[in-house]
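Descriptive analysis of the structure
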Amino acid sequence: MFGIRSRNVGIDLGTANTIVYVEGKGIVLREPSVVAKKVSTGEIVAAGSEARAMIGRTPGDINAIRPIRGGVIADYDTTASMLKYFLQKSIGNAHPNVMICVPSGVTEVEKRAVIEAAQHAGARDAFLIEEPFAAAIGAGLPVMDPTGSMVVDIGGGTTDVATISLGGIVSSRSIRIAGDKLDESVVTYVRQAFNLLIGERTAEELKIAIGSASVEAAAELPDMSIRGRDLISGLPKTVELSAVDIAQAMHENIEEIVSTIKETLEETSPEIAADIIDHGIIMTGGGALLNSFASVISDSTKVPVFLAQEALDCVAIGTGQSLQNLDVIRDHK
């Protein structure tokens with residue numbers, strides 16, 4: 001823990017994971033955005049990895065929930081408690097300035113909820129930055145230069161697409177189709193095709209192990225055995241799934257993400273479009289790690305696509321680094 005009161009903190013408050021960046025230290029915490037609480041009293045039993053391990057395995061009086069849904073706060077009190085827990089775990093009882101990223105499409109009410117949750121959790125002051133802009137900073141793109149950049153951030157709850165130039169977002173789109181939706185589509189496919197009920201954690205493991213954005217590329221990947229509950233007999237059952245099965249399950253959502261990228265490109269000026277063709281599209285976020293995703297986007301847009309270094313952490317790093325320009329941020333607050 002770092003008991004230094006003046007340290008600024010950047011938080012990637014994600015649907016799936018929360019990442020905390022402390023000024024001068026870098027990333028100090030990476031935990032699932034999950035809280036386990038007692039149903040009867042509302043008391044927090046666990047948060048982060050410990051709470052995630054409880055999903056689907058809790059007794060009747062304990063409920064493991066994800067208070068962030070679709071990139072926004074779904075349960076205010078639980079989110080504030082979770083933030084307080086993560087801040088104390090990262091920096092002790094200090095009261096730092098906190099920068100939190102939000103999807104580019106959130107409403108003013110949703111923004112206010114995030115700021116108030118951070119202040120309730122102990123922040124001296126709280127600021128917001130849009131996810132794709134933070135991702136671009138974290139990926140090392142020249143966001144302040146008079147040149148166009150494009151970033152696609154695929155998180156757990158949202159996919160944010162933006163073109164950036166001269167320190168601002170020129171055009172952007174945010175859709176609530178990302179990692180969680182891909183997991184849900186796998187759950188639905190397995191239920192319909194195999195009469196097998198699996199949880200979202202199992203679906204996520206399938207996606208990570210043998211998932212592919214391309215049905216054609218999936219043919220080269222191995223099969224995988226999974227366990228679930230047979231919907232006909234009600235008994236445990238094991239089935240063998242191919243990577244093609246998983247790719248087909250996710251295909252519709254992948255197409256939605258690709259369409260969103262193309263729509264954002266269509267809105268850009270010819271000058272920025274030319275810059276993007278020269279420098280390519282940068283992908284960040286956990287969803288960007290899906291096999292063949294970059295090549296699928298490149299084939300569809302005819303633009304080079306690159307995976308950022310430290311793609312999982314780009315948003316958190318950019319959120320933290322943006323605090324170095326706090327005066328500029330205050331002017332736009």
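Owing to the predicted nature of the structure, the values given are computational and were not obtained by experimental measurement.

**Examining the packing of helix α8 (residues 243-266) against helix α10 (residues 293-301)**
- Orientation of α8 relative to α10, taken along the N-to-C sense of each, is 50 degrees, at an axis distance of 10 Å. The angle between α8 and α10 falls in the class oblique. In this structure, the crossing between α8 and α10 has a hand that is right-handed. On α10, the residues touching Ile254, Ile257, Val258, Ile261, Lys262 and Leu265 of α8 are Phe293, Val296, Ile297, Ser300 and Thr301.

**As for the domain arrangement of the protein**
- Domain boundaries assigned for the protein yield domain 1 (141-177 + 254-311) and domain 2 (179-249).
- Each of domain 1 and domain 2 has a C-alpha centre, and these two points are 28 Å apart.
- Contacts between the two partners involve 11 residues from domain 1 and, on the opposite side, 11 residues from domain 2.
- Interface area for domain 1 against domain 2, summed over the two sides, is near 860 Å², with a carbon-plus-sulfur share of 66%.
- Three residues, Gly156, Leu290 and Asn291, lead the burial of domain 1 against domain 2; their summed loss comes to 46% of the area buried on that side.
- Where domain 1 touches domain 2, the interface holds 5 residue pairs in polar contact (both at pLDDT 80 or more).
- Residues of the side of domain 1 that touches domain 2, tallied by class, amount to 5 nonpolar, 5 polar and 1 charged.

**Focus on the environment of leucine 206**
- Secondary-structure assignment places leucine 206 in helix α6 (residues 200-210).
- Taking the C-alpha atoms as reference points, leucine 206 and isoleucine 246, separated by 40 residues in sequence, lie 7.6 Å from one another.

**Here we look at the sheet that holds strand β13 (residues 168-175)**
- If you trace the 5 strands from one edge of the open sheet to the other, you get β13-β12-β11-β17-β18, paired in mixed fashion. Each having just a single partner strand, β13 and β18 (305-307) make up the two edges of the open sheet. Between one strand axis and the next, the sheet turns by 20 degrees as a mean value, whatever way the strands run.
- Alignment of strand β11 (residues 149-154) against strand β12 (residues 159-165), held across 6 bridges, turns out to be antiparallel. Counterpart to methionine 150 in the pairing with β12 is threonine 163.
- In the packing of helix α4 (residues 131-138) onto the sheet, contacts are made with β11, β12, β13 and β17 (281-284), and the angle to β12 comes to roughly 65 degrees.

**What about unusual backbone geometry?**
- Unusually for a residue other than glycine, asparagine 195 sits at a positive phi of about 50 degrees.
- Summarising the element assignment, asparagine 195 is placed in the loop between α5 (179-194) and β14 (196-197).
- Residue serine 292 is not a glycine yet carries a positive backbone phi of 70 degrees.
- As for its position among the elements, serine 292 is in the loop between β17 and α10.
- Residue serine 292 is classed as buried on the basis of its relative accessible area, which comes to 19%.

Procedures and definitions
- Residues numbered from 1 in each chain as written.
- Predicted model: local features only at pLDDT ≥ 70, side-chain atom pairs only at ≥ 80, totals over all residues.
- Heavy atoms only, no water.
- Axes fitted to C-alpha atoms, helices over the stretch in contact; angles between N-to-C directions.
- Helix = DSSP H or I, 4+ residues; strand = E, 2+ residues; numbered from the N terminus.
- Parallel < 35°, antiparallel > 145°, perpendicular 65-115°, else oblique.
- Left-handed = near helix turned anticlockwise from the far one by under 90°.
- Contact = heavy atoms within 4.5 Å.
- Domains from an automatic or database assignment.
- Buried area = accessible area lost by both parts, 1.4 Å probe.
- Polar contact = N/O pair within 3.5 Å; in protein donor to acceptor, adjacent residues only side chain to side chain.
- Nonpolar A, V, L, I, M, F, W, Y, C, P; charged D, E, K, R; others polar.
- Pairing = 2+ DSSP bridges.
- Buried < 20%, exposed > 50% of the residue type's maximum accessible area, 1.4 Å probe, protein only.

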